[in-house]
Amino acid sequence: MTAQSPLLTLDNLTVSLGNARPVAGISFSVAAGETFALLGESGCGKSMTALSILRLLPDVASIESGRVSLAGQELQTLPEAEMRRQRGREVAMIFQEPGACLNPVLTIGQQIGESLALHRKLKGAVAKAAAVELLQAVGIPDPERRWSDYPFQLSGGMKQRAMIAMALAGEPKLLIADEPTTALDVTIQAQVLDLLARLQRERGMAMVLISHDLGVVARMADRVGVMYAGQLVEVASRDRFFDAPAHPYAQMLFAALPEAQRRVGRLATIPGRVPPLDALFVGCRFADRCPKVMDVCRRQAPPWKTAGEGQQMRCHLDTPAQLHRTEIIVETAQEDASPAAHLPLLQVTDLQVHFPIRRGLLQRTLGHVKAVDGVSLSLAPGRTLAVVGESGCGKTTTAKALLHLIKPSAGQVQFRGTELTGLSAKALRQARAGMQMVFQDPYASLNPRMRVKDIIAEGMDALKLPGDRIRQIGELLQQVGLAPDMTERYPHEFSGGQRQRIAIARALAVSPQLLVCDEPTSALDVSVQAQILNLLKDLQAQRRLAYLFITHNIAVVDYLAHEVAVMYLGRIVEQGTADEILRDPRHPYTAALIAAVPSLVGEKSAGGAVIAGDMPSPANPPQGCHFHPRCPKADDTCRRRYPEAKSLSETRVVHCHWA
Amino acid sequence: MTPISLSPRRRAWQRFRRHRLGYWSLILFVGLFALSLCAELLCNDKPLVVRYQGQWYFPLVQTYPETVFGGDFPTPADYLDPFLRQRFAEPGNFALYPPNHYSFNTLNYFAPSPNPAPPSVENWLGTDDRGRDVLARLIYGFRLSVVFGLVLTVIGVVIGVITGALMGYFGGRFDLVSQRLIEIWSSMPELYLIIIFASIFDPSLWLLVVLLSAFGWMGLSDYVRAEFYRNRTLEYVRAARALGLGNRQIMGRHILPNSMTPVITFLPFRMSASILALTSLDFLGLGVPPTVPSLGELLAQGKGNLDAWWISLSTFAVLVITLLLLTFMGEALRDALDTRKADAP
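Rules used throughout
Residues numbered from 1 in each chain as written. Chains lettered and ligands numbered in written order. Predicted model: local features only at pLDDT ≥ 70, side-chain atom pairs only at ≥ 80, totals over all residues. Heavy atoms only, no water. Helix = DSSP H or I, 4+ residues; strand = E, 2+ residues; numbered from the N terminus. Rg over C-alpha atoms; globule rule 2.2 N^0.38 Å. Buried < 20%, exposed > 50% of the residue type's maximum accessible area, 1.4 Å probe, protein only. Contact = heavy atoms within 4.5 Å. Areas by Shrake-Rupley, 256 points an atom, 1.4 Å probe, with all protein chains shown as cover. Lys, Arg positive; Asp, Glu negative; His and termini not counted. Charge placed at Lys NZ, Arg CZ, Asp CG, Glu CD. pLDDT = per-residue confidence, 0-100. Axes fitted to C-alpha atoms, helices over the stretch in contact; angles between N-to-C directions. Parallel < 35°, antiparallel > 145°, perpendicular 65-115°, else oblique. Left-handed = near helix turned anticlockwise from the far one by under 90°. Nonpolar A, V, L, I, M, F, W, Y, C, P; charged D, E, K, R; others polar. Phe/Tyr/Trp six-rings, centres within 6.5 Å; stacked < 30°, edge-to-face > 60°. Lys NZ or Arg CZ within 6 Å of the ring centre and 35° of its normal. Buried area = accessible area lost by both parts, 1.4 Å probe. Salt bridge = Lys/Arg side-chain N within 4 Å of Asp/Glu carboxyl O. Polar contact = N/O pair within 3.5 Å; in protein donor to acceptor, adjacent residues only side chain to side chain. Pairing = 2+ DSSP bridges. Core = buried A, V, L, I, M, F, W, Y, C linked by side-chain atoms within 4.5 Å. Disulfide = S-S within 2.5 Å. Expected span 1.5 Å × (residues − 1). Arc of directions from axis to C-beta.

Draft legend 1. Inspection of the overall build of chain A at higher detail. When helices and strands are counted, chain A shows 23 helices and 24 strands. A compact globule built from 659 residues would reach a C-alpha radius of gyration of about 26 Å, and chain A, at 26 Å, matches this within 12%. Within chain A, the proportion of its 659 residues that are buried is 56%. Counting contacts in chain A only where the partners sit at least 6 residues apart, residues at least 24 apart contribute 67% of the total. Total accessible area computed for chain A in this model is approximately 27200 Å², and 51% of it derives from carbon and sulfur atoms. Between the centroid of the 72 positive side chains of chain A and the centroid of its 65 negative side chains there is a distance of 4 Å.

Take a look at the structure:
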C-alpha cells in the first residue's frame, strides 16, 4: 500500500501462558485502510496475537515483552481505564461464533446502543437513528424492525452482520476480524466478506483478518503474514504471496488444498503436527516437518530474508524453496474408471423425513418440518456420491435416515437389494453393519472412557464376528495409518486427525461396503484434511468402498466425488457427475454455491456473493420453486409451480424451469 | 504424550490425590470408620480373653453364666462386678479387658457418682442420664450413622440412576409420564409420613431406611436423566448404534460411564445429608428405638441436661468432624471430576 506511517505496529510482541509462548516475537505493521491477514493452522497463536492487541488476553496469559502501538499510542503501557476507551472506539473486534457473542436477553438495538452511548455519547432517538443506519449499512433488511429483535430471531449470517454493526458503532480505525466467516455457510460467507470489503473501502478502516482459509485471505487481504508455532514465518503482499509463496510451510499449505486437477493424485500432507508451544526451540520451528531441512535448521533460528519484492521469509534457504509437485505428490492412486457398470449398492427412493411440530397442552400436530422431502439417490460400489448444500438443507438428516438412525417418514432404502424400512430392530442391526458412518467432530465421536482397542473391537464383538481381535485391530490401525501399538491408549491422547483415523478404523472394523461421511474433515486443519482425504481415497481403492460424502466444501467434492447431488430445503435440486455439476452448473443455486467459494487465482475481490438472503425455514418453504426468493432468474412460473425433474443427460437431473 | 496411558478414572483419582485436604479427609474418614467397625474390641463390658483356673474363655463370642467364674447365679456374667474382677485378679487367672470397659448400653451399677456423671478415669467422656458411657455411645453411634448413610446412599443411587437412565434414554412419552409421576410422589410430605409411620409401627432402623429411600432418589434421577438426555445425542453414541449395538450395551458402556460425574460428585454430600436426616429424626424422637446408640438421641439428652456439657459438646464435635470430612471429600471429588480443569500438576 502507500508509504504513510503505519496505524498499528507490533514490535517483537511476546505473550506467555504458563511455560508456553503462544506468541513469540511477532512484528508487523498495518497501514490505515489496509487489510493484513494472519494465516495459519489452529494452535499457531493467531487469536492470541489479536487478543493481545486489545489487551483482552485470558487471565493466565500476559504480554511478556514487546510493543503494540496504535496511531502513535503505546497500548501495552496504558492504564486499564484508558485502554477501555481505546477498545471499541479505536480498535473493534468481531469473533468467530456470532451466536455466542450477542447477549440473548438484549435486543439488537440495545446492544448497538450500548456501544453508541459509550463511544459517541448518543442517546434516545438519535441513538436509535444511528443504530438503524448501522443496521442498514451492514445490509440487514428491514432495519427498523430488526432493531427491536432479539438475537434468537436472527439467522447466523444476520447475527454476524449485527456483530459487525456493533463493532462499527464506535467508528473504529482498526477492525480485528477473528475467523469472521468460519462458522457460516459458503453463500453467507461470500455475503459477509463482500460487506466487510465494502465497509472497509467506505470508511477507510484498517483490518487485521485472522483466517486459516487461503481462499478468504486471497479475497480480502492486501498483505499476508503466515504464522507457525507462535512466529511469523513469511510476510508478503497478497499478489506476491499467491503467485509464489516462499516459505516451505506456506508452499505446503497450498499443496495440501484439494483441487480438481489433483483428482487422480494424492494431496500433499505436512507430516507431524504443530509443536507444543512450551517446547524449547533452538532451531527453526518448522524443521521437523520441512522437506528441505538442513543441518543448520536444527541448530540455529533462521533470520529474516527477502525472498522477493515486498516478500520476506524466515528461512535458512537462500532462495524460496521451490518445492515441486513431484516432491510433494507422493504417488498416484488408481482410479476406478468403469462408472456405474454395477448394480447399485444403495438405492434410495423418495425418502422423506418429516418432524411434527407439536404445540399446546395436548401436543397436537400443527404441521411438519420437512427436513428431507422426497430424496432419491443411487450409489454403486466403489463410487463416491457427494451431497452438498448449506447447513439446514437436510444433508445430515438424509444420512441418518439412510442408516435408520432416524426413522424415515416415507420412502424406500434398499441396501444390497434388501429393503431396510420395516425391518425388525434386530435384523436392522445386522444390516447396518454393511453401512457405517464417520462423523464430523472427532472430539465427540469417540467415547472418552474407552481404550482404542475397545472402541475398534466393539462393532466386531456386537456382531460376533470371528477372528483374532488383537491381530485384526492391529491391521485396521495400520490401514488407517496409525501405529498398532496405540491400542491401549485413550482418545484424549490423540490429535484431531488421529481421532478421525480411529473413527474410520472403527467403521471399517465391521467390513462395510458403504461409508457415510458427514463432513469428516470440516473440523480439521488443511494439512490434516489432506491426510484424511488421501486415506479415504486409498481405502476406496483397496476395499471398493462406496462413499456417501456430505460436505459443504466444494473443493473437497471436486477432489473426491464421482457424482454430486445438490440439496436445497430437503430436496435435491441438481444431480449428476462431478464434472457436469461443477464445470457446468445448470441450477442457479448450484452456480451460486460454486461462485461463492473464494478463489485463490485471479484478482483480489474476484467472485463474490451471487445470491442474497438466507435459506428459508424448512417448516414453511416458499410456494413454487423453493429457491425462487433468492434466485436471480425467478419469474411467475417459479413462484407458482415446483419445477419437474429434467434429464439433461444420462446421468444428470435438474429441477429448474430455466434449465 | 506419556508412555503409560491412564484411564480417565485413574486420572480423576490422581487429581483427587493432588487435592490434599480432600485426600487426607478421605483417609481420616476411612480410618475412623474402620476403627468404629471394631467397636466391640474397643468399647465393651466383656473382656476379650479370660484365663480362669487354667481354662481359656472368650466372652465376646460366647455367653458364660456367672457360675462358671465362681458366682452364685446361673445368669450371664457381669464382668464389671467387683466380685468377678477380684476373682480374675487372683494368681494364675487374668482377664484382658478392652480399653473402654463399657459398651453402648452398659449400665454401671457400681458407679461411685450420680448420673449423668462428668468425665472420669473410668468413663472418659462421662455418662449420660441413664449411666451409659458417652464415649461408647458415640463410637457405636458414629458407626451406625455412617452405615446408615452408606446404605441410604447406595439404595438412592441405584434407584435414581436406573430411573434417570431410562427416562433420559427413551425420552418421549415414557419420560413425560414418569416425570409427572415423580412430581406427584415428590410432593408427598415426607416428614409427616415418617411421623405417621412411626406411630403405627414400632420404630426400627429398617423402617427408616425404607421410608427415606423411597424419597431420597428423586433429586439424583433428575441429574442422571439430564446427563442421559445430553449424552444420547453425542456422536459416539450414534456411532455405536450404527455399529449395531443394542440399547442395553449403549446405555451401559457408552452413556452410563460418561454420565456418572454428578452421581459421584454428590456421593459425599448425599451421605452427609443422610446422616443429618437420621440425627434429626433421632433428636425429635422419631428415629431409632432408644436402646440403639445414636447421635441424635445423645444430642437430645444434651439438650435435656444442659449442665452436663460433656454430652452435648462431645456429640457436637463428632457430628461436625464427620460432616466436615464428608464436605471436604465432596469438594475434592468435584474438582477431580471437573473435566475443564487441566491435568497439569
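Draft legend 2. Molecular detail of the confidence of the model for chain B. Residue and element names in this part refer to chain B. In this model, chain B carries an average pLDDT of 87, and 97% of its residues clear a pLDDT of 70 or more. For chain B, per-element mean pLDDT is lowest for helix H4 (residues 82-88), which scores 84, and highest for helix H2 (residues 20-37), which scores 94. For this predicted complex, the interface confidence reaches an ipTM of 0.72, while the overall pTM sits at 0.80.

Draft legend 3. Examining the packing of helix H5 (residues 134-170) of chain B against helix H11 (residues 247-255) of chain B more closely. Residue and element names in this part refer to chain B. In contact at an axis separation of 12 Å, H5 and H11 are set at 110° when each is read in the N-to-C sense. Classified by the angle between their axes, H5 and H11 sit roughly perpendicular to one another. Relative to H11, the crossing made by H5 is right-handed. Here Ala165, Leu166, Tyr169 and Phe170 of H5 lie close against H11, whose contacting residues are Asn247, Ile250, Met251 and Ile255. Class assignment of the residues belonging to the contact of H5 with H11 gives a composition of 7 nonpolar, 1 polar and no charged.

Draft legend 4. The packing of aromatic side chains, seen in detail. Residues and elements named next belong to chain B. Scanning all chains against the criterion turns up 29 aromatic pairs over all chains. Three or more aromatic residues joined by ring pairs make a cluster, and in this case those are Tyr52, Tyr57, Tyr64, Phe69, Tyr79 and Phe88. Arg85 extends its terminal NZ or CZ atom over the ring of Tyr97, reaching a point 4.9 Å from the ring centre. Looking at Arg232, its charged tip hangs above the ring of Tyr229, at a distance of 4.8 Å from the centre.

Draft legend 5. How the structure looks around the interface of chain B and chain A. At the interface, 22 residues of chain B touch 31 residues of chain A. Carbon and sulfur atoms supply 54% of the area buried between chain B and chain A, which totals about 2600 Å² over both sides. One can count 1 salt bridge joining chain B with chain A. Notably, a salt bridge pairs Glu458 of chain A with Arg253 of chain B, separated by 2.8 Å at the nearest N-O pair. Counting across the interface, chain B meets chain A through 13 residue pairs in polar contact (both at pLDDT 80 or more). If you list the elements that add at least two residues to the side of chain B that touches chain A, you get helix H1 (8-18), helix H10 (235-242) and H11 of chain B. When residues in the side of chain B that touches chain A are grouped by element, the largest group, 6 residues, is from H10 of chain B.

Draft legend 6. Summary view of the sheet that holds strand S8 (residues 206-211) of chain A. Residues and elements named next belong to chain A. Taking strand neighbours across the sheet as the criterion, the 8 strands line up as S6-S7-S8-S3-S9-S10-S12-S11 in an open arrangement whose pairing is mixed. The open sheet has two free edges, formed respectively by strand S6 (91-94) and strand S11 (304-308), since each of these has just one partner strand. For this sheet, the mean angle separating the axes of adjacent strands, direction not counted, is 20°. Here S11 runs beside strand S12 (residues 311-314); their pairing, made up of 4 bridges, is antiparallel. Bridge pairing in S12 links Thr306 to Gln312.

Draft legend 7. Expanded view of the environment of Gly467 of chain A. Looking at the element boundaries, Gly467 of chain A is found in the loop between helix H16 (452-462) and helix H17 (469-479). Remark: the alpha-carbon pair of Gly467 of chain A and Leu57 of chain A, spanning 410 residues in sequence, is separated by 54 Å.

Draft legend 8. Representation of the nonpolar core in the model. Residues and elements named next belong to chain A. Core analysis: the biggest nonpolar cluster contains 105 residues, and Leu8 and Phe241 have the highest contact counts within it. It is helix H19 (residues 526-543) that provides the largest number of residues to this core, a total of 8 residues. If near-sequence neighbours (up to four positions away) are discounted, Phe241 is found in contact with Leu39, Leu214, Val224, Val226, Glu234, Ala236, Ala250, Phe254 and Gln311. Ala190, Phe415, Val564 and Phe627 belong to the second-largest nonpolar core, a separate cluster that totals 60 residues.

Draft legend 9. Spatial organisation of the state of the cysteines. Taken as a whole, this structure holds 0 disulfides over all chains when the rule is applied. Not part of a disulfide, Cys284 of chain A finds its nearest cysteine sulfur in Cys297 of chain A, a span of 5.8 Å.

Draft legend 10. Spatial organisation of the sheet that holds strand S2 (residues 20-30) of chain A. All names here are of chain A. As summarised here, the arrangement of the 4 strands in space is S2-S1-S4-S5, forming an open sheet in which the pairing is antiparallel. Taken across any chain shown, the strands that pair with only one partner, and hence form the sheet edges, are S2 and strand S5 (73-74). Bridge analysis of strand S4 (residues 61-70) against S5 gives 2 bridges, and the strand direction is antiparallel. Bridge assignment links Ser69 to a residue of S5, and that residue is Glu74.

Draft legend 11. Spatial organisation of helix H8 (residues 186-203) of chain A. Residue and element names in this part refer to chain A. Look at H8: 25 Å from first C-alpha to last across 18 residues, which is about the 26 Å you get at 1.5 Å a residue. Counting buried positions over the 18 residues of H8 gives 13, a clear majority of the element. Positive phi appears at Gly204, one or two residues downstream of H8, with a value of about 65°.

Draft legend 12. Spotlight on unusual backbone geometry. Residue and element names in this part refer to chain A. In this structure, Asp142 takes a positive phi of about 55° despite not being glycine. Within the element layout of this structure, Asp142 appears in the loop between helix H5 (124-137) and helix H6 (143-146). One non-glycine residue with positive phi stands out, namely Asp350, at about 50°. Following the sequence through the fold, Asp350 ends up in strand S13 (residues 346-359). Classification of Asp350 as partly exposed rests on a relative accessible area of 39%.

Draft legend 13. Layout of the pairing of S12 of chain A. In this sheet, S12 of chain A lies alongside strand S10 (residues 231-237) of chain A in antiparallel orientation, the contact comprising 3 bridges. The residue of S12 of chain A that forms the bridge with Glu234 of chain A is Met313 of chain A.

Draft legend 14. Seen up close, the side chain of Glu574 of chain A. All names here are of chain A. Its place among the elements puts Glu574 in strand S22 (residues 571-577). Under the relative-accessibility criterion, Glu574 is labelled buried at 0%. Looking at Glu574, its side chain comes within polar contact range of the side chain of Thr590, at 2.7 Å. A distance of 2.4 Å separates polar atoms of two side chains, one belonging to Glu574 and the other to Arg652. Not counting chain neighbours up to four residues away, the residues in contact with Glu574 comprise Val564, Ala565, Val566, Ile581, Asp584, Pro585, Arg586, His587, Thr590, Arg652, Val653 and Val654.

Draft legend 15. Structural view of the pattern of salt bridges. Overall, the coordinates contain 40 salt bridges over all chains when judged by the stated rule. Arg67 of chain A serves as the salt-bridge partner of Glu74 of chain A, at 2.6 Å between the closest nitrogen and oxygen. With relative accessibility at 32%, the residue Arg67 of chain A sits in the partly exposed group. With a closest N to O distance of 3.0 Å, Lys453 of chain A and Glu488 of chain A form a salt bridge. Placement of Lys453 of chain A in helix H16 and of Glu488 of chain A in the loop between H17 and helix H18 (496-508) is noted, with a sequence separation of 35 residues between them. Beyond isolated ion pairs, a larger network of salt bridges with shared partners links Asp128, Asp129, Arg130, Arg132, Arg137 and Glu297 of chain B.

Draft legend 16. Representation of helix H15 (residues 425-432) of chain A. Those residues of H15 of chain A lying buried are Leu428, Ala431 and Arg432 of chain A. Looking straight down H15 of chain A, one finds that the buried residues subtend no more than 100° of arc, so they occupy a single side. The inward-facing, buried residues of H15 of chain A contact strand S16 (410-415) and strand S18 (435-438) of chain A together with H10 of chain B.

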